[in-house]
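# Observations on the model geometry
Here is how the chains run, residue by residue.
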Amino acid sequence: MMKTQSATITVDGRPVTIEGERNLLELVRKAGIDLPTFCYHSDLSVYGACRLCLVDVEGRGILGACSTPPEPGLVVRTNTQELREIRKISIELLLANHDRECTSCTRSGSCQLQDIARRLGITKIRYRSIHQLKPVDTSSPALTRDPNKCVLCGDCVRFCDEIQGIGAIDFAYRGHEAAVLPAFGRDLGEGECINCGQCATVCPTGALAPASEIDAVWKAIHDPDTVVVAQIAPAVRVAIGEQFGSDYGLNTTGQVVAAMKRMGFNIVYDTSFTADLTVIEEANEFIARKTKGERLPLFTSCCPGWVKFAEQSFPQLLGNLSSCRSPQQMMGSMVKHTLPAQLGRERKDIVMVSIMPCTAKKFEARRPEFRTSGSPDVDFVLTTQELARMIEESGLALNKLHPASFDMPMGFKTGAGVIFGNSGGVTEAVLRYAVGNITGQNPVDPEFEEIRGEQALRIIRTEVGGLELKLAIVHGLAKAREVMNRILEGSLTVDLVEVMACPGGCIGGAGQPVGRDIAERRRARTESLYNADRLLDLHCSQENHFVNECYQKYLGEPGSRESHRLLHTHYHHRRRAGAEDIALAKAKELGDGVLTVKVCAGTGCFLRNSQAIIQGLMKYVEANDLDEKVQVQASFCFEMCGEGPNVVVGESIISHATLDTVITAIHAELAQMSTGSVQAGAC
Amino acid sequence: MHMMEQTTSHPDPLMGAQRRVILCAGTGCVANGAMKVYAAFQERMQAYNLPFTLELREENDNSGKTAVTRSGCQGFCQMGPLVTILPENILYNQVKPADVEEIIAVSLIGNGVVERLLYIEPGTEHACKGTDDIPFYTRQQRFVLGDCGIIDPDNLDEYLRNDGYRAAKKAFVQMSQEEICTEISESGLRGRGGGGFPTGRKWEAARRQVDDKKYVICNADEGDPGAFMNRSVMEGNPHSVIEGLMIAARAIGADETLVYVRAEYPLAVQRMRRAVKDAGERGILGKNVFGSGFNISCEIMEGAGAFVCGEETAMIASIEGQRGMPRPKPPFPAESGLWGKPTIINNVETLAHAVRIIREGAFRFRELGTPASPGTKTFALTGHVANTGLIEVPFGTTLREIVYNIGGGITADDGSIDPAGFKAVQIGGPSGGCLTKEHLDLPMDFDSLRTVGAMVGSGGLVAMNQGTCMVAVARFFMEFTQRESCGKCVLCREGTRQMLAMMDDIIEGKADETTLPLLRELALAVQKGSLCGLGKTAPNPVLSTLRHFADEYEAHVKDKVCPAGQCKALLKPWIDAEKCKGCGKCVKKCPVEAISGELKQPHAIDQEKCIKCGACLLSCKFGAVEGLQGGYA
Amino acid sequence: MNALEMETILQQTPARRFEKVCAILEQHDNQPQRLIPILQAVQEEYRYLPEDVLTFVATGLDVPPARVFGVATFYSHFALKPKGKYCIRLCDGTACHVKRSIPILEAIYKRLGLSSKRNTTEDMLFTVETVACLGACGLAPVVVINEEIHGQVTPEAAVKLIDEIEEREKVSCT
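Only a predicted model underlies this, so the values are computations on that prediction, with no experimental measurement involved.

## Quick notes on the interface of chain B and chain C
With 44 residues of chain B in contact, the opposing surface of chain C contributes 35 residues. Here chain B and chain C share an interface that buries about 3200 Å² over both sides, 58% of which is from carbon and sulfur atoms. When residues of chain B are sorted by the area they lose upon contact with chain C, A304, R323 and F476 of chain B head the list and together hold 18% of the total. Applying the counting criterion to the chain B and chain C interface returns one salt bridge. With a closest N to O distance of 3.3 Å, E299 of chain B and R34 of chain C form a salt bridge. In this structure, the connection of chain B to chain C is made through twelve residue pairs in polar contact (both at pLDDT 80 or more). Of all elements in the fold, only helix 1 (27-31), strand 10 (297-302), helix 12 (312-319), strand 12 (376-383) and helix 17 (470-484) of chain B reach the threshold of two or more residues within the side of chain B that touches chain C. For the side of chain B that touches chain C, a count of residues per class yields 20 nonpolar, 15 polar and nine charged.

## Some words on the packing of aromatic side chains
Inspection of every chain in the model, using the stated rule, returns 16 aromatic pairs over all chains. With a centroid separation of 6.0 Å and 35 degrees between ring planes, the pair formed by Y86 of chain C and F126 of chain C is classed as tilted. Taken together, the positions of Y86 of chain C in strand 1 (residues 86-91) and F126 of chain C in strand 2 (residues 126-131) put the pair 40 residues apart, joining distant regions of the chain. With a relative accessible area of 5%, Y86 of chain C lands in the buried category. A residue is classified by how much of its surface remains accessible, and F126 of chain C, at 0% relative accessible area, is buried. By way of ring pairs, the aromatic residues F299, W306, F309 and F314 of chain A are connected into one cluster. Residue placement shows R174 of chain A over the ring face of F74 of chain C; its charged tip is 5.8 Å from the ring centre.

## Digging into empty space enclosed by the protein
Gaps between atoms show up when a probe of the same size as a water molecule is rolled over them. Residue and element names in this part refer to chain A. All chains considered together, the criterion is met by 17 cavities of 30 Å³ or more. In this structure, the largest cavity occupies an estimated 290 Å³ of space. Elements supplying a minimum of two residues to the lining of the largest cavity: helix 7 (234-237), helix 9 (271-292), helix 10 (304-313), helix 11 (327-343) and helix 12 (360-365).

## Some words on the sheet that holds strand 14 (residues 422-427) of chain B
Residues and elements named next belong to chain B. Spatially, the five strands line up as an open sheet ordered 13-12-16-14-15, and their pairing is mixed. In this open sheet, the two edge strands, each paired with only one partner strand, are strand 13 (389-394) and strand 15 (433-435). Neighbour-to-neighbour, the strand axes of the sheet open up by a mean angle of 30 degrees, direction not taken into account. The pairing of strand 14 with strand 15 spans three bridges and is classified as antiparallel. Bridged to I427 within strand 15 is G433. On top of the sheet, helix 15 (residues 399-406) reaches strand 12, strand 13, strand 14, strand 15 and strand 16 (460-465); it is set at about 110 degrees to strand 14, its chief contact.

## Here we look at the packing of helix 9 of chain A against helix 11 of chain A
Residues and elements named next belong to chain A. Across the interface, helix 9 lies against helix 11 with an axial gap of 8 Å and an inter-helix angle of 105 degrees. When the interaxial angle is binned, helix 9 and helix 11 end up roughly perpendicular. Together, T271, F273, T274, A275, L277, T278 and E281 of helix 9 and P327, Q328, M330, M331 and M334 of helix 11 make up the contact between the two elements. In terms of residue class, the contact of helix 9 with helix 11 is made up of seven nonpolar, four polar and one charged.

## Observations regarding helix 10 of chain A
All names here are of chain A. Extensive coverage of helix 10 is indicated by the burial of ten of its ten residues. Among all positions of helix 10, only P304, G305, W306, V307, K308, F309, A310, E311, Q312 and S313 are buried. Looking at the buried positions of helix 10, the neighbouring elements they touch are strand 12 (298-299), helix 12, helix 16 (477-489) and strand 19 (496-500).

## Description of the pattern of salt bridges
Residue and element names in this part refer to chain A. Applying the stated rule across the entire model yields 97 salt bridges over all chains. The residue E311 makes a salt bridge to R367 at a minimum N-O spacing of 2.6 Å. With E311 in helix 10 and R367 in the loop between helix 12 and strand 14 (371-372), this pair connects stretches of sequence that are 56 residues apart. A residue is classified by how much of its surface remains accessible, and E311, at 0% relative accessible area, is buried. Note that E454 is salt-bridged to R523, the shortest N-O span being 3.0 Å. One end of the pair, E454, is in the loop between helix 15 (425-439) and strand 17 (457-464); the other, R523, is in helix 17 (residues 518-535), and 69 residues separate them in sequence. It is possible to trace a salt-bridge network through shared partners that takes in E428, R432, E447, R452, E527, D533 and R534.

## Observations regarding the sheet that holds strand 4 (residues 61-64) of chain A
Residues and elements named next belong to chain A. Spatially, the five strands line up as an open sheet ordered 2-1-5-3-4, and their pairing is mixed. The outermost strands of the open sheet, each flanked by one partner alone, are strand 2 (14-17) and strand 4. Neighbour-to-neighbour, the strand axes of the sheet open up by a mean angle of 35 degrees, direction not taken into account. Strand direction decides the pairing type here: strand 3 (residues 54-57) and strand 5 (residues 75-77), joined by two bridges, are antiparallel. The partner of V57 across the bridge, within strand 5, is V76. Helix 2 (residues 81-96) rests against strand 3, strand 4 and strand 5 of the sheet, and its axis sits at about 160 degrees to strand 3.

## Describing the confidence of the model for chain C
Detailed reading of predicted coordinates is not advised where the pLDDT is low. All names here are of chain C. Model confidence for chain C is summarised by a mean pLDDT of 83, while 83% of its residues fall at 70 or above. Here helix 1 (residues 3-11) stands out as the least confident element of chain C, with mean pLDDT 53; helix 5 (residues 65-74) is the most confident, with 96. Scored as a whole, the predicted complex attains pTM 0.85, and scored at its interfaces, ipTM 0.84.

## Describing the side chain of E364 of chain A
Residues and elements named next belong to chain A. The topology assignment puts E364 in helix 12. Looking at E364, the relative accessible area reads 4%, which means it is buried. Discounting residues that sit within four places of it in the chain, E364 has contacts with C302, P304, S326, Q328, Q329 and F370.

The rules behind the values
- Residues numbered from 1 in each chain as written.
- Chains lettered and ligands numbered in written order.
- Predicted model: local features only at pLDDT ≥ 70, side-chain atom pairs only at ≥ 80, totals over all residues.
- Heavy atoms only, no water.
- Contact = heavy atoms within 4.5 Å.
- Buried area = accessible area lost by both parts, 1.4 Å probe.
- Salt bridge = Lys/Arg side-chain N within 4 Å of Asp/Glu carboxyl O.
- Polar contact = N/O pair within 3.5 Å; in protein donor to acceptor, adjacent residues only side chain to side chain.
- Helix = DSSP H or I, 4+ residues; strand = E, 2+ residues; numbered from the N terminus.
- Nonpolar A, V, L, I, M, F, W, Y, C, P; charged D, E, K, R; others polar.
- Phe/Tyr/Trp six-rings, centres within 6.5 Å; stacked < 30°, edge-to-face > 60°.
- Buried < 20%, exposed > 50% of the residue type's maximum accessible area, 1.4 Å probe, protein only.
- Lys NZ or Arg CZ within 6 Å of the ring centre and 35° of its normal.
- 1 Å grid on protein atoms, 1.4 Å probe; cavity = no way out; pocket = protein on both sides within 12 Å on 5 of 7 lines; lining within 4 Å.
- Points joined across faces, edges and corners; volume = space filled by probe spheres on them.
- Pairing = 2+ DSSP bridges.
- Axes fitted to C-alpha atoms, helices over the stretch in contact; angles between N-to-C directions.
- Parallel < 35°, antiparallel > 145°, perpendicular 65-115°, else oblique.
- pLDDT = per-residue confidence, 0-100.

As structure tokens, then:
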């Protein structure tokens, strides 16, 4: 009788088989021992800072389990007296300088520090509080940052750097002064943060959390003069139940609508309705571009984190972004446009509240281009977590409520609108429309399996009515950056790119319930949305009668002028960091007779050698004694990255600038300034 | 024309001249005005029309010339500026420009000795002619430091004449990689940076890795306060470091080497850069080294002021352009280091020893030292000893030998020798522990020191007299490590901070019966659980002093008294009624009006108000103020 | 760098100095891993690290500004606030400490009206810092002013050095 020898280690006396685990921690947890950790995250690089996962390895001493690779024959102990003491002391040390007002912390109940302290049986803290209270950063509409709750695990830093490729926050200072900060210690809202909030998702405490708009929404609900209209995103319905103890992925749509009605929301619509609308607008936009072969690939635009990222880092590709608004914004726009007349009320009386799985939506709602007649199309954005809290506050037990249905007409949707919450959902929905539009027949089997999946980048080739299509679906912005670079350098050609900032798409958004088993939750939510699609009678956006009615009544055709006015938008080039213009050569006295020359030092122009122009100008100004008259500044990013290097001389912009053209322009301007008329300039 | 052809087989310290005058140009002597002395020599010798060579260009000229050269640190820093005259081997101390005239007349033109500039041995009052005579030198075995102080560090030819780069050539042309690693292993050489890890084993581990790219890094980030051995080697014999790097690179199969040197050593940086440049121009570094077909490059990188970067993974992070934060080990750098490639990191001194081992063989290296810790070690002897400076002794030398025979004995605060003054010697800097009277006859090596709760560390030895408060010493080191903590791991970042707070409590008289047990428990946790060596060794001074000077701690905690009289907060000044004349001068001087008393009546100090500034002590003509000094004159 | 060289640098126009930053970046091939030598060179030029220059360096190296800030604040040598013309560094390493470096520090603070919280004089003439160890332990206690090393210093000697510098500065201004 043969027994296969497998590689094993011994954990607390018991053998555990090695089956491809990356480190001892995974093995120990497989053995059923849940070693506590802060800084370990399976999707991120190993950091090794929290020292909670220390184990005793015979012959090697005390090592971090998260960073030690498994080796057959190791004898590991997880619970010696020494280890227990070290763990307890580590937590005590953290608690000594932590803001321990748990009762008024948003993370109370789901905080890992709280949980570990309880599990380790900490009953007193014998070390003193030494640090000084730092102010809470509420500058970002999407997130609050409380440095007094930070345990410096670095998960947020690593997520922002490794998965999003942005690095808006990083460690600064050293030792006891070490802190996680945006560049130069500025506020989070000022810099390159794109508001995706994934940092808050991985944060074990309440140091980073979604910003709260609960109070404002209650105020609106209590205000007798307002009509509070809500819209619920697809991803919310398959996750909110987790806050009430449901199985992961349970679809509690009806109960949520019921709860909201009871709480005082006057009307509850479904964002999936405008998702269907988005599909129609965007698919038409796509088909038109594909037919003409211009401005390809088309990038989706419903993810506000991705949009801000593109504005900051790839402004040269903004022309390729779909001009469609997101479903949230289309809903806000349509509701405020159509409802006043229907209800006989004024626009200002309508308050639009969206329930989103996302923190970036809070930023999106505040974008200036989404204001009409002086008020925002979407007034408030509540995350799944916030809504759950409001439901709890109202004393309602979600699971016990009788379900209710959405209000019509904007509560009606097809399955295509519902799958928007998954990575690949938008693409699949667009494809369902395209098939119908191009071949004249709606797809028999609406499920496009090849588009679905968990991988961060999926490239699909397909064919619709003789039209070859190549599609890319990507989530996580570091991956997106790779794709952009490949597209820019020409090594990747695709027709459409769907970009979601959050892992797995919106179901993984930062407004969703969090937990250590987040990967499992995401999978359950994804499957649940596909099931919701399967349960609906209609699966293609073109089949949504109420959307078609919308066109008949208000919009006309897809892509019409009215559609553009209500449902489309434009984008800005953004500076990467909130830096002031650098004055390089200061005129000795800044008076009226000074000509300002600004050279763009943004990424695009920089890559086109604006630096050499700056240097050349510096030399020139000095060599020709023009210091008194000309002030040269380096500026971060003008509007026109495709035409760089860009230089502003006085009032006029010179594109594709060279040193010579700038110098000529300077002299022309100077001449004009001094005599008021054009003179032949000496050079 | 290959530079090796110029090497003679006999090293010639006189370099062809009849007499040679060597001035120490190490940082210490320069600070004391050595360059002015140098200038004076140049000027005077020119005035006398003494034929002399400045830059040693005419080596083969034997026409009675005197060569004036600069060297690196000669080790005897307290007595600088130092001037050595060869071949008589006279060592003049504390030379000033005004002395130059006399030296020239007496020792160069004449054949005599200027007695007043010689070193006077304390205790015997014997005037020592030179290094052959001075116990500070005679008791040492200066191998690593040997040429420092003799050769001109900026002169490649001199290095070559003294067997320079012979070992490197042997390593590239005559030995295989395995042979080199075996030789180093057999020598028993252990890392001189503090860890004491067997160097041969480290090199072998890296050699075995199969990778197209490997690196060798020289750790010259000597951050221990009180240690300056590496600095002296780099300033005095920079080529020895390069040669060591080349051998190491050859051993493991690396083509890129890097020296990470702290920016606080500007002279060392300058000398190293110059040496790299010269070696490159001469074809020693670069492509096809010694005709072997291998390429070796060497780069100098300056640190930016972070002690933690002396830890190898933190150093790697720094070289990669990141914050210098350590990374978990495993993986070890020999397996995955700089840019994920096999990397070995060795201390300056380790590399210098490696050169000698390859040149003369492991057997020779083992002639000195102990079986488990062979060879010599440099130490920086500072603090309350008569002779401070750089020394090099074989492992196995006792503490007594070092402190008394080489160091000349313990001094009191006023500098006089105190035969009973020995209190402790702190070894290993902020990562180390203290040695007490009971360890005076301990033969010092890596293992023996570990058993008594200390460690060799980088080799800083600070002698302390009876007037030193050991609790304050431990606190001083705690403050240092706490300030230098990178902040990554909880135990070091928060733990050292809390430990420091507890130490503050103790020296300020605010501790209670829970403080010491809590301190000890936390110290052990930080020691066991920290991510890197900084955290793991930060508690050592505290633990070591708790072990050996427990009663001093108890006095601070229970009695609120500092036995050594150093901790200001615990001083309780009082006025001796017998001595006090009631003149009232102290009352006027006291900035907080803590002294009261009637005229011509004995005065008294109010302990509550007193801030222990010592103004009253200074103002009293009758010596009536007590309790403000340790009483250790 | 001696006082004369420093004078020259201060009198250069901002244009010249910014050009230098561009040159520094080029010299290091715009490689992110050379961030530390780049910052060292920039600080040589400006005597500290101005925020806008750091942002420019970040753009030039294509690394996030938060990372450049993180590196700049980690290492003690990097100053994000301007320093005085004369940087007085007092060694507080073991040997110097044992030889009573602290009273020297206190004397310097008192003379210049500074403290650990505010270590640069209003007239931007002096900055006072402590360093862990300069490696000149045989000369303890040690004080370095710009690049000049002074050994076996006493509180009185330190104050005298400051007086001398102030005199010199007054003379050169009149």
